[in-house]
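So you can see what is in the structure, the chains are spelled out below.
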Amino acid sequence: MIRFLTAGESHGPALTAIVEGLPAGLPVNLNEINHQMARRQKGYGSGGRMKIEKDAVKLTAGVMNGRTTGAPIAIQLPNIDYAKWHDRDIPPMTIPRPGHADLTGAIKYGYRELRLALERASARETAVRVAVGALCRQLLAQFDITIGSYVTSIGPITANIPPDMPYPKRFATAETNDLRCPLPETAEKMRIHIQHIMQTKDTIGGIFEIVALNVPPGLGSHVHWDRRLDARLMWAVGSIHAIKGVEIGPAFHNTTLPGSQVHDEIFLADDGQTLIRHTNNSGGFEGGITTGEPIIIRAAMKPISTVLNPRHSVNLATGEEAQTVYERSDFCAVPRAAVVGEAMTAIVLADALQEKLGGDSLDEMKARFANLRQARLDELPMDNTPWRFGYEE
Ligand code: EPS
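About the criteria used
Residues numbered from 1 in each chain as written. Predicted model: local features only at pLDDT ≥ 70, side-chain atom pairs only at ≥ 80, totals over all residues. Heavy atoms only, no water. Pairing = 2+ DSSP bridges. Helix = DSSP H or I, 4+ residues; strand = E, 2+ residues; numbered from the N terminus. Contact = heavy atoms within 4.5 Å. Axes fitted to C-alpha atoms, helices over the stretch in contact; angles between N-to-C directions. Near = heavy atom within 4 Å. Polar contact = N/O pair within 3.5 Å; in protein donor to acceptor, adjacent residues only side chain to side chain. Areas by Shrake-Rupley, 256 points an atom, 1.4 Å probe, with all protein chains shown as cover. Nonpolar A, V, L, I, M, F, W, Y, C, P; charged D, E, K, R; others polar. Left-handed = near helix turned anticlockwise from the far one by under 90°. Expected span 1.5 Å × (residues − 1). Parallel < 35°, antiparallel > 145°, perpendicular 65-115°, else oblique.

The subject of this paragraph is the sheet that holds strand E15 (residues 295–301). Spatially, the five strands line up as an open sheet ordered E8-E7-E9-E15-E10, and their pairing is antiparallel. At either margin of the open sheet sits one strand with a lone partner, and together these are strand E8 (157–158) and strand E10 (243–248). Contacting strand E7 (146–154), strand E9 (206–213) and E15, helix H6 (residues 167–175) runs over the sheet at an angle of about 65° to E7.

Laid out in structure tokens, this is it:
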């Protein structure tokens, strides 16, 4: 199946990813990958680093003459900021920041310098995840599967998106502003709130939604915990730095309603064959398997843990209580995290599609995709007769 590893530190020479499992013969558009890289760099509330980096990747293995070969793909992404660090004596870092991996990383690995934890724990790593996700999006696009995202809240400012606002319109409008908000008026309120946060030397989190459209029914499985596709998506999105909560559809809101108002009733379309829903409170999943409705993932991002206002901590070198020392960072990264969420969603969905279809080449996958069972009466014949368990006991 599709899997990937990344390596690289925030201020080291480069980030690297190796991606395995994409089929042979997939056309790869490098400009499109770099377009996704640029989307992740755009977001109000970023610190100085985003003015330094101009993320652009090289594919140094597994893609030749514009197509995948089926071999592992190697992605290289340089850190421009490394030029400022590589021959510099770096002051020791001994006061852990609450909320970052400084203290837990040192406890775990026995570091005698906290920066070793910071460097790898940094959300800089998400840049190369977006490149991996961009490759997977190109596979999904072959099957008309698209993924978008938008921010629904920053701190207390919430976008009350009309339920009937079509998803493509939400994506397109979100793309027009650097808050990634589908309601431009709310985007301006979010901007003012982030300005206030910056002035008060603080940071702020928020909520974003990732939506996948045209995903066929029947991906994932109910038969094992680790094959439930909704759970795999929650894990993947929950693995993004500072994401502390993930729900499928309006999961937490659904807890306030009785089942009769939650479960998406099943109807027959006018053709008398196709099984349809008029609601999608399940967020696109029943039994860990896709229903064919849009997949909706909502993610909660905590405020960035590097806070300009000093936080109470302990200097591990002197043994005395101390205030944290501020370094350049972001004030709000929610709009950019949404793009990372899209990438993680693309990776997991590409994996699930590959799992369902098998196939070593794109042509093989396409032939099998055309034969996928649909939610139609004529594709779901029933025995409609009494039966027995019939175990051999
Ligand atoms: C990050 C701290 C900041 C962010 C960084 C994540 O970096 P720096 O310490 O160099 O200012 O800008 O994110 C990125 C570099 C990026 O590409 O998103 C952290 O501590 O997690």
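Let's shift gears to the site of the ligand. Taken together, His11, Arg40, Arg49, Met50, His100, Ser122, Ala123, Arg124, Arg328, Ser329, Asp330 and Arg336 make up the full set of residues near the ligand. Between Arg40 and the ligand, the recorded distance is 2.6 Å, taken from a side-chain N or O atom to an oxygen atom. Interatomic distance of 3.2 Å between a side-chain N/O atom of Arg336 and an oxygen atom of the ligand. Alone, the ligand offers 470 Å² of accessible surface; in the complex the protein occludes 92% of this. Of the residues that constitute the shell around the ligand, the class distribution is two nonpolar, four polar and six charged.

This brings us to the sheet that holds strand E3 (residues 58–61). Spatial ordering of the open sheet is given by E1-E2-E6-E3, a layout of four strands whose pairing is antiparallel. Strands with a single pairing partner mark the edges of an open sheet, and in this sheet they are strand E1 (3–7) and E3. Strand-to-strand twist across the sheet, computed as the mean angle between neighbouring axes with direction ignored, equals 25°. Inspection of the sheet shows strand E2 (residues 14–20) paired to strand E6 (residues 73–78) by six bridges, in the antiparallel sense. The residue of E6 that forms the bridge with Ala17 is Ile75.

Time to look at the packing of helix H8 (residues 229–238) against helix H11 (residues 334–357). It is the contact of H8 with H11, at a shortest axis distance of 9 Å, that shows an interaxial angle of 145°. For the element pair H8 and H11, the recorded crossing hand is right-handed. Side by side, H8 and H11 meet where Leu229, Arg232, Leu233, Ala236 and Val237 of the first sit next to Gly341, Met344, Thr345, Val348, Leu349, Asp351, Ala352 and Glu355 of the second. Broken down by class, the residue content of the contact of H8 with H11 amounts to eight nonpolar, two polar and three charged.

Attention shifts here to the side chain of Thr290. Looking at the secondary structure, you find Thr290 in strand E14 (residues 289–290). Among the polar contacts made by the side chain of Thr290, one reaches the main-chain amide nitrogen of Gly218 at a distance of 3.0 Å. At 2.9 Å, the side chain of Thr290 forms a polar contact with the backbone nitrogen of Leu219. Among residues more than four places away in sequence, those in contact with Thr290 are Val215, Pro216, Pro217, Gly218, Leu219, Leu229, Gly284, Phe285 and Ile295.

Our focus in this paragraph is the pairing of strand E17 (residues 320–323). Two faces belong to every sheet, and in a regular strand the side chains alternate between them. Both strand E16 (residues 312–315) and E17 contribute to a ladder of four bridges, which runs antiparallel. Counted as the bridge partner of His312 is Gln323 from E17. Once E16 ends, the chain turns through four residues before running back antiparallel as E17, passing Gly319 with a positive phi of about 75°.

So, about helix H7 (residues 184–199). In a regular helix each residue adds 1.5 Å, so 16 residues correspond to 22 Å; H7 covers 23 Å between its end C-alpha atoms and thus fits that length. Close packing links the buried residues of H7 with E7 and E8. Phi turns positive one or two residues past the end of H7, at Lys201, with a value near 55°.

Attention shifts here to the environment of Ala212. With respect to the helices and strands, the residue Ala212 is situated in strand E9. Expressed as a C-alpha distance, the spacing of Ala212 and Ala56, which sit 156 residues apart in the sequence, is 25 Å. Ignoring anything within four residues of it in the chain, the contact list for Ala212 reads Thr146, Ile147, Pro294, Ile295 and Leu349.

Turning to the environment of Ala121, a few remarks are in order. Tracing the backbone shows Ala121 in helix H4 (residues 115–121). Between the C-alpha atom of Ala121 and that of Pro182, which follows or precedes it by 61 residues, the distance is 31 Å. Aside from chain neighbours lying at most four places away, what touches Ala121 is His100, Ala101 and His241.

Here the focus is the packing of H11 against helix H12 (residues 362–369). Packing of H11 against H12 brings their axes to within 10 Å, and their N-to-C directions diverge by 75°. Overall, the two elements H11 and H12 adopt an arrangement that is roughly perpendicular. Residue-level contacts link Leu353, Gln354 and Leu357 of H11 to Met365, Arg368 and Phe369 of H12. Tallied by class, the residues present in the contact of H11 with H12 amount to four nonpolar, one polar and one charged.

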